[in-house]
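Breakdown of the fold
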Amino acid sequence: RIGIGRTPVREALQRLAWERLVTIIRRHGIRISEIDPHEQMLVLELRREFEPLVASRAARRATVDERRYLSKIADSFMEAGVTVDVMKFLRVHFESKRFIIACARNPFVANAFAPINALTRRFYFVYQREAKDVAKAAALHAAVLKAIAAGDEVGAADAAKTMVEYAEYYTRSVITGRTSV
């Protein structure tokens, strides 16, 4: 009805399955995957190692134009935080993660990060209503971007560690039922 064939739909569904956002049930259909806070803690184990690496490499390898753009993205994060605009926060999050990974110039990290970022955004979207922490989350992300834009490898890695520590605290608060962060 919409004028596209099966192949692009099949490939899109396979990508969503690879990102663990859907489960393909052979000969029965597709189901949206459950959100599991305990699984999110496993995602955070990987983020704890990768985020500082990616941030420091992006700080090292970003071009002058990329650094300018990173500063603009940081400002967009701050705007989303001030206005408590969750949808803007998530759009900026999506763009910033893709851009930081591109600046890091490591295709292996890029492949590893794709499902992690998708799961992280979905988890945050579902639980942010109780946490009411958009301003805090936006400020932490903006700090990473500002350090990368400044070319500060150590500062970028440290800001990324702080951001992941907060994400871990946030996830633990969801697990324990204390979602007011």
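Residues numbered from 1 in each chain as written. Predicted model: local features only at pLDDT ≥ 70, side-chain atom pairs only at ≥ 80, totals over all residues. Heavy atoms only, no water.

Residues Ile 2, Ile 4 and Val 9 make up a contiguous nonpolar surface patch of about 310 Å² in total accessible area. Mapped onto the elements of the fold, Val 9 is located in helix α1 (residues 6–18). (Patch = residues over 30% accessible without salt bridge, like charges linked within 9 Å, V, L, I, M, F, W, Y side chains within 5 Å. Areas by Shrake-Rupley, 256 points an atom, 1.4 Å probe, with all protein chains shown as cover. Salt bridge = Lys/Arg side-chain N within 4 Å of Asp/Glu carboxyl O. Helix = DSSP H or I, 4+ residues; strand = E, 2+ residues; numbered from the N terminus.)

This part takes up the packing of aromatic side chains. Within this structure, the stated rule accounts for 9 aromatic pairs. Judged by centre distance (5.6 Å) and plane angle (35 degrees), the rings of Phe 50 and Phe 113 are tilted. In this pair, Phe 50 sits in helix α2 (residues 37–61) while Phe 113 sits in helix α5 (residues 107–131), placing the two residues 63 residues apart along the sequence. Pairing Phe 123 with Tyr 170 gives two aromatic rings, centres 6.2 Å apart and planes at 80 degrees, and the pair type is edge-to-face. A residue pair is termed long-range when its members are at least 10 positions apart, and Phe 123 in helix α5 and Tyr 170 in helix α7 (residues 153–176) qualify at 47 residues. The exposure classification of Phe 123 matches that of Tyr 170, with both residues buried. Chaining the aromatic ring pairs together yields one cluster made of Phe 77, Phe 89, Phe 123, Tyr 124, Tyr 127, Tyr 166, Tyr 169 and Tyr 170. (Phe/Tyr/Trp six-rings, centres within 6.5 Å; stacked < 30°, edge-to-face > 60°. Buried < 20%, exposed > 50% of the residue type's maximum accessible area, 1.4 Å probe, protein only.)

Turning next to the packing of helix α3 (residues 64–83) against helix α4 (residues 86–104). Close contact between α3 and α4 brings their axes to 10 Å; oriented N to C, the two are set at 160 degrees. The angle between α3 and α4 falls in the class roughly antiparallel. In this structure, the crossing between α3 and α4 has a hand that is left-handed. Between α3, through Glu 66, Tyr 69, Leu 70, Ile 73, Ser 76, Phe 77, Glu 79 and Ala 80, and α4, the contact on the second element is made entirely by Lys 88, Phe 89, Val 92, His 93, Glu 95, Ser 96, Phe 99, Ile 100 and Cys 103. When the residues that make up the contact of α3 with α4 are grouped by side-chain class, the tally is 10 nonpolar, 3 polar and 4 charged. (Axes fitted to C-alpha atoms, helices over the stretch in contact; angles between N-to-C directions. Parallel < 35°, antiparallel > 145°, perpendicular 65-115°, else oblique. Left-handed = near helix turned anticlockwise from the far one by under 90°. Contact = heavy atoms within 4.5 Å. Nonpolar A, V, L, I, M, F, W, Y, C, P; charged D, E, K, R; others polar.)

Contact pair α2 / α4: the axes reach a minimum separation of 7 Å and the direction vectors enclose 65 degrees. Crossing handedness for the pair α2 and α4: left-handed. Across the interface between the two elements, Glu 51, Val 54, Arg 57, Ala 58 and Arg 61 of α2 pack against Lys 97, Ile 100, Ile 101, Cys 103 and Ala 104 of α4.

This part takes up the nonpolar core. Of all hydrophobic cores here, the largest spans 47 residues; its most connected members are Leu 70, Phe 77, Phe 89 and Ile 148. Among the secondary structure elements, those contributing two or more residues to this core are α2, α3, α4, α5, α6 (134–149) and α7. Residue contributions to this core peak at 10 residues, all from α6. In this view, Ile 148 contacts Ala 55, Ala 58, Ala 59, Arg 67, Leu 70, Ile 100 and Ala 156; residues no more than four positions away in its chain are not counted. (Core = buried A, V, L, I, M, F, W, Y, C linked by side-chain atoms within 4.5 Å.)

With 13 residues, α1 should cover 18 Å at 1.5 Å per step; its first-to-last C-alpha distance of 18 Å lies within 8% of that length. Arg 20, located one to two residues past α1, shows a positive phi value of around 65 degrees. (Expected span 1.5 Å × (residues − 1).)

The next point concerns unusual backbone geometry. The phi dihedral of Arg 27 is positive, around 65 degrees, even though this residue is not glycine. Here Arg 27 lies in the loop between β1 (22–25) and β2 (29–32). Backbone geometry at Val 84 places phi at a positive 50 degrees, although glycine is not the residue there. Topologically, Val 84 is positioned in the loop between α3 and α4.

The next subject is the pattern of salt bridges. Taken as a whole and assessed by the stated rule, the structure comprises 8 salt bridges. Among the salt bridges present, the one from Arg 60 reaches Glu 153, with a minimum N-O distance of 2.9 Å. Taken together, the positions of Arg 60 in helix α2 and Glu 153 in helix α7 put the pair 93 residues apart, joining distant regions of the chain. By relative accessible area, which is 43% here, Arg 60 ends up partly exposed. The exposure class assigned to Glu 153 is partly exposed, which follows from its relative accessible area of 27%. Here Glu 168 and Arg 172 are joined by a salt bridge, their closest N and O atoms 2.9 Å apart. Of this pair, Glu 168 and Arg 172 both sit in helix α7, 4 residues apart, which is roughly one turn of that helix. On the accessibility criterion, Arg 172 (45% relative accessible area) is partly exposed.

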